[in-house]
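Now for the letters of each chain:
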Amino acid sequence: MRAEEPDCVPEPPVCKNPACITTIETGLKQRFIYTDDTHAHCKCFYCEHDA
């Protein structure tokens, strides 16, 4: 029996807001909140900018 290959994992989102605290503070881990049930869209936890 051969194991199936896992689905590709998309690259983690990055907040593109230059004023976001995650781009200013070093060592602060970026966090995101999914905005829909399919987990296709998310926004930054800190500045709520779309990722």
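These figures come from a predicted structure and were not determined experimentally. (Residues numbered from 1 in each chain as written. Predicted model: local features only at pLDDT ≥ 70, side-chain atom pairs only at ≥ 80, totals over all residues. Heavy atoms only, no water.)

A. Here's a closer look at the state of the cysteines. Under the definition given, this model contains zero disulfides. No disulfide involves Cys15; its nearest neighbouring cysteine sulfur is the one of Cys47, lying 3.5 Å away. Using a relative accessible area of 5% as the deciding quantity, one classes Cys15 as buried. Cysteine Cys44 remains unbridged, with the sulfur of Cys20 as its closest cysteine sulfur at 3.7 Å. Judged by its relative accessible area of 1%, Cys44 is buried. (Disulfide = S-S within 2.5 Å. Buried < 20%, exposed > 50% of the residue type's maximum accessible area, 1.4 Å probe, protein only.)

B. Highlighting the environment of Ile33. Mapped onto the elements of the fold, Ile33 is located in strand β1 (residues 32–34). By relative accessible area, Ile33 is classed as partly exposed at 36%. When the C-alpha atoms of Ile33 and Asp50 are compared, they prove to be 9.6 Å apart, with 17 residues separating the residues in sequence. Beyond its immediate stretch of four places on either side in the chain, Ile33 contacts His41, Cys42, Lys43 and Phe45. (Helix = DSSP H or I, 4+ residues; strand = E, 2+ residues; numbered from the N terminus. Contact = heavy atoms within 4.5 Å.)

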